[in-house]
Amino acid sequence: MSLPVLQMAEPVTVEEDPLDLMDEIETLKRQQDAAILAHFYVDGDLQDIADFTGDSLKLARDATRIPNPTIVFCGVHFMGESAKILSPEKTVLMPDLQAGCSLAESCPADRLAAYQAELRAKGHDFQTVAYINTTAAVKALCDWIVTSGNAREIIDRVPADKEILFVPDQHLGRYLSSVTGRPMILWPGSCMVHEVFSIQDLLRAKRNHPGSIVMAHPECPANILEISDVIGGTEKMRKYVASIPEKKTFLVATEANMIHPLMKLAPQHEYIPVPGIMTSTGETCACNRCPHMARNTLQKVRDCLKNRSPEIVWQPYFAQAQDVLKRSLLQ
Ligand code: CIZ
């Protein structure tokens, strides 16, 4: 007689009530005198419970100014790392340390160091300007750090007789080169979210919404920027929509969670996220959502406060990155 085969049941994940989680987070936060910082690209619920929201520039500055000894950074790894580097005395917790960045991954420190050496050997006299979406080890190799919010101002600080090596976002670099008139050597990186917008779909959306305003992040490729009415980082997008009192329709080409703070700030407008297109099949997908940002959840925020972990731990090479970050973001 054969015995019945026992099937192992799949582990069931129990969804916790978001409101209960929010209450728990509030209590833990008060007990630990912690502050929650959330980037505009994380889920709206997290932005709503945060003490500070913003782009990476504003959040890095907020982290240095707040008195709280503990920060929970809802964003991606390089953002938590930058907060720790600028505020070493604070405990910086992150809901999920695996929340990375396709741009940061595209530019490993050893490959950058080798490329810089190659350029110098060929006689190039340059300064390296890095987008903040890089690891601390890469920042330590650079002369300046820019965010979408301060890039033009920082590029103006690079001596006119120096060439510029811009890493890692080729699209942002190309855009900055065109608006500042500074030629740049570009690292071939790009953001997985901003690269997926299809020109055909954007043109179709424009036709379907006559009079709409296309607002695109400068991480988008040139063909998207060429047909955009407003080009800027997330803080610039917020300022722009808030400056227009009458109802408009905005087609927004950036991470789709950005609609949340736009809606909160200027609810008189209609916002339509530009869809992402899978290059493999040509189909519309939810790829205008950053999978790394999506690792931040209410449950993980509660857990990291409860366990005081995961934490961004100070590394010896942070000291070198500290100089360039302070000079670029705080001075
Ligand atoms: O600078 C940032 O925070 C990023 C990555 C985008 C933006 O424009 O806010």
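The structure presented is a predicted model; accordingly, all values stated were derived computationally and were not measured. Here the residue index of a chain counts from 1 through its sequence in written order. It should be noted that, the model being predicted, local features are given only for residues of pLDDT at least 70 and side-chain atom pairs only at 80 or more, the latter also being counted only at that level, while totals for whole chains, interfaces and linings use all residues.

**Considering the overall build of the protein chain**
The test is simple: Where helices and strands are cited, they refer to DSSP runs of H or I of at least four residues and of E of at least two residues respectively, numbered from the N terminus. Taken over C-alpha atoms, the radius of gyration is set against a globule rule of 2.2 Å times the number of residues to the power 0.38. Our exposure labels follow a C-beta count within 10 Å of each residue's own C-beta, placed from the backbone: buried means 20 or more other C-beta atoms, exposed means 12 or fewer, and partly exposed covers the counts in between. We call two residues in contact if the C-beta atoms placed from their backbones are at most 7 Å apart.
Across its full length, the protein chain carries 15 helices and 14 strands. Computed over C-alpha atoms, the radius of gyration of the protein chain comes to 21 Å, within 12% of the 20 Å expected from 2.2 N^0.38 for 331 residues, which places it in the range of a compact globule. Here the protein chain, with 331 residues, has 43% of them falling under the buried criterion. When contacts within the protein chain are restricted to residue pairs at least 6 apart in sequence, those whose partners lie at least 24 apart make up 64%.

**Overview of the domain arrangement of the protein chain**
Note the following rule: Delimitation of the domains relies on an automatic or database domain assignment. All residues other than Ala, Val, Leu, Ile, Met, Phe, Trp, Tyr, Cys, Pro, Asp, Glu, Lys and Arg, Gly among them, are scored as polar; the first ten of these are nonpolar and the last four charged.
Domain boundaries assigned for the protein chain yield domain 1 (18-100 + 294-313), domain 2 (104-191) and domain 3 (199-289). For domain 2 versus domain 3, the distance between C-alpha centres works out to 26 Å. Across the boundary between the two partners, domain 2 contributes 9 residues, which contact 10 residues of domain 3. Class assignment for the residues of the side of domain 2 that touches domain 3 results in 3 nonpolar, 4 polar and 2 charged.

**Here's the deal with helix α6 (residues 109-121)**
Quick note on the threshold: Each residue after the first adds 1.5 Å to the expected span of a helix.
An ideal rise of 1.5 Å per residue puts 18 Å on 13 residues; α6 measures up with 18 Å between its terminal C-alpha atoms. Note on α6: the residue one or two positions beyond its end, G123, has a positive phi of about 95°.

**A word on the site of the ligand**
Which entries qualify depends on this criterion: Only the C-beta atom, placed from the backbone, is used; a residue is near a molecule or strand if that atom lies within 6 Å of it.
Every residue near the ligand is listed here: H39, D55, S56, I132, N133, T147, S148, H217, G233 and T234. Across the shell around the ligand, the residue classes tally to 1 nonpolar, 8 polar and 1 charged.

**Details of unusual backbone geometry**
Residues V167 and P168 are joined by a peptide bond in cis, for which omega reads -15°. Looking at the secondary structure, you find P168 in the loop between β7 (163-167) and α9 (170-180). Of the consecutive residues S309 and P310, the connecting peptide bond is found in the cis state with omega at 0°. Relative to the helices and strands, P310 resides in the loop between α14 (298-307) and α15 (318-330). At D33, a position not held by glycine, the phi torsion is positive, near 50°. Phi angles above zero are rare outside glycine, and R308 is one such case at about 55°. By secondary structure assignment, the location of R308 is in the loop between α14 and α15. On the basis of neighbour counts, which here come to 13 C-beta atoms within 10 Å, the residue R308 falls in the partly exposed class.

**Some thoughts on the sheet that holds strand β2 (residues 52-54)**
Rule in force here: The pairing criterion is simple: DSSP has to find at least two bridges between the two strands. All axes are obtained by fitting lines to C-alpha atoms, using only the stretch in contact for helices, and the reported angles, taken between N-to-C directions, cover 0 to 180 degrees.
Spatial strand order, β2-β1-β3-β4: 4 strands in an open sheet with parallel pairing. The open sheet terminates on both sides in strands that have one partner only, identified here as β2 and β4 (91-93). If you compare each strand with its neighbour and ignore which way they point, the axes differ by 20° on average. Relative to strand β3 (residues 70-74), strand β1 (residues 34-39) runs parallel, the two being bridged by 5 bridges. Each residue of the ladder has a partner; that of I36, found in β3, is V72.

**Points about the pairing of strand β5 (residues 126-131)**
In this sheet, β7 lies alongside β5 in parallel orientation, the contact comprising 5 bridges. When the bridges of β7 are listed, Q127 appears paired with I164.

**Describing the environment of D17**
Topologically, D17 is positioned in the segment before α1 (18-32). Judged by C-beta crowding, with 9 C-beta atoms within 10 Å, D17 ranks as exposed. As a C-alpha pair, D17 and L298 span 281 residues in sequence and 9.7 Å in three-dimensional space.

**As for helix α4 (residues 77-86)**
For α4, the tally of buried residues reaches 10 of 10 residues, placing the bulk of the element in the interior. Among the residues of α4, those classed as buried are H77, F78, M79, G80, E81, S82, A83, K84, I85 and L86.

**Focus: the environment of C107**
Relative to the elements of secondary structure, C107 occurs in the loop between α5 (102-105) and α6. Aside from chain neighbours lying at most four places away, what touches C107 is L112, T134, V138, V167, P168, W187 and G189.

**Section: the environment of D48**
Relative to the elements of secondary structure, D48 occurs in helix α2 (residues 44-49). Classification of D48 as exposed rests on a count of 12 C-beta atoms within 10 Å. Measuring from C-alpha to C-alpha, the distance between D48 and A253 comes to 22 Å, with 205 residues separating the pair along the chain.

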